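Observations on the model geometry
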Amino acid sequence: MSIWSKISRDKIPLHVAIIMDGNGRWAKKRGEHRLFGHTKGVDSIRNVLKVATEIGVKHLTLYAFSTENWNRPKEEIDGLMNLLVQAISNEIEEMDKNEVKLSMIGDEMRLPEKCRQSLNEAIDRTKENTKINLILALNYSARWEILHAAKQMAIMAVNDKNKVQQFTNEDFDNLLTTKDVPHPELLIRTSGEKRISNFLLWQLAYSEFYFTDVLWPDFGADNFIKAIASYQSRERRFGMVSEQINTTNE
Ligand code: FPP
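Our subject in this report is the structure included herewith.

Conventions adopted
Residues numbered from 1 in each chain as written. Predicted model: local features only at pLDDT ≥ 70, side-chain atom pairs only at ≥ 80, totals over all residues. Heavy atoms only, no water. Pairing = 2+ DSSP bridges. Helix = DSSP H or I, 4+ residues; strand = E, 2+ residues; numbered from the N terminus. Axes fitted to C-alpha atoms, helices over the stretch in contact; angles between N-to-C directions. Contact = heavy atoms within 4.5 Å. Expected span 1.5 Å × (residues − 1). Buried < 20%, exposed > 50% of the residue type's maximum accessible area, 1.4 Å probe, protein only. Polar contact = N/O pair within 3.5 Å; in protein donor to acceptor, adjacent residues only side chain to side chain. Core = buried A, V, L, I, M, F, W, Y, C linked by side-chain atoms within 4.5 Å. Right-handed = clockwise from strand over helix to strand, strands pointing away.

Observations concerning the sheet that holds strand 1 (residues 15-19)
The parallel open sheet is built from 6 strands, whose spatial order is 3-4-2-1-5-6. Among the strands making up the open sheet, the edge pair consists of strand 3 (100-105) and strand 6 (208-211). With direction set aside, neighbouring strand axes in the sheet form an average angle of 20°. For strand 5 (residues 186-189) and strand 6, the ladder comprises 4 bridges, and the chain directions are parallel. For Leu187, the partnering residue across the bridge sits in strand 6 and is Phe209. In the packing of helix 4 (residues 113-125) onto the sheet, contacts are made with strand 3 and strand 4 (132-140), and the angle to strand 3 comes to roughly 135°.

See the structure below:
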């Protein structure tokens, strides 16, 4: 059955952000090591990227490694970093062929040298691609990002206090790592957890949230389409009342 029988072509979110959660529990249920779950998680990324591209999503942001994830056992951190390098090396050819532009948000300086190198090579190789922007959040934390922007504003205020006093939401947007990307219309979190976990706190102000119990390694194209269908069934009011929205849409 065509995916277009389940969703409408009219209201495709431009930007979908995903908190990929549940890899560890998925592996544990099978008596496997947590890294096995992360490895299967890469398959889910490939499947979701494919269907997101197909329906016309333009930006897909994946929370791949938070600043808090450094607190995990060293073996798991090393495994995740190796997996990142391996996944880029395995997928880059296909991604480039499918016109996927790879980018990242987060503080890359703490990532191991080999990760930075393979990421930067892949980012450079795909920079002219326009079909979809795959944004990996790595060593990312929204508080870090907002604090960084606030510090930049403080520095600007030393030179030009009036300018900073007149700062708008859009000006602040331009200080964030997501500056060239529209805010996500839809946030998906897998595995039954219902938290934002320090992800895109500023950018998610008006996003629709979709929570599912499905663990990330089990999350596939069908689940993604279900999330899009749920998003399409909602009315986004941005603080207005229903009648105002309906008038605007007429
Ligand atoms: C959360 O599951 C998942 C992560 C912290 C890492 C996500 C990474 C991948 C899907 C694969 C590697 C990424 C790239 C970009 C190649 P969890 O470990 O917190 O699961 P749990 O809550 O069940 O323990």
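Additional details are given in the paragraphs that follow.
Considerations on helix 2 (residues 34-55)
Helix length check: helix 2 (22 residues) gives 32 Å between terminal C-alpha atoms against 32 Å at 1.5 Å per residue, within 8%. Those residues of helix 2 lying buried are Gly37, His38, Gly41, Val42, Ser44, Val48, Leu49, Val51, Ala52, Thr53 and Ile55. Downstream of helix 2 by one or two residues, Gly56 has phi in the positive range, about 100°.

A word on the environment of Thr53
Assignment of secondary structure puts Thr53 in helix 2. Overall, Thr53 belongs to the buried group, its relative accessible area being 16%. Measuring from C-alpha to C-alpha, the distance between Thr53 and Lys131 comes to 7.0 Å, with 78 residues separating the pair along the chain. The residues touching Thr53, leaving out its near neighbours within four places in the chain, are Lys131 and Ile132.

Quick word on the side chain of His15
Residue placement: His15 occurs in strand 1. Within polar-contact distance, the side chain of His15 engages the side chain of Thr61 at 2.7 Å. A distance of 2.7 Å separates a polar atom in the side chain of His15 from the backbone oxygen of Pro182. Those residues in contact with His15, other than ones at most four positions away along the chain, are His59, Leu60, Thr61, Val181, Pro182, His183, Pro184, Glu185 and Leu186.

Regarding the nonpolar core
Among the nonpolar cores identified, the biggest contains 44 residues, and Ile18, Leu60 and Phe224 are the most heavily contacted of them. Beyond its immediate sequence surroundings of up to four residues, Ile18 is in contact with Val48, Leu60, Thr61, Leu62, Tyr63, Leu187, Ile188, Phe199, Trp216 and Phe224. Tyr63, Ile105, Ala137 and Ala142 belong to the second-largest nonpolar core, a separate cluster that totals 13 residues.

Remarks on the pairing of strand 4
In terms of residue burial, strand 4 counts as a mostly covered element, since 9 of its 9 residues are buried. With 7 bridges joining them, strand 2 (residues 59-66) and strand 4 adopt parallel strand pairing. Bridging across to strand 4, Thr61 finds its partner in Ile135. Of the strand pairs in this sheet, strand 3 and strand 4 are connected by 6 bridges, and their pairing is parallel. Bridging from a neighbouring strand, Ile105 pairs with Ala137 of strand 4. Of the crossover connections in this fold, the one passing from strand 3 over helix 4 to the parallel strand 4 is left-handed.

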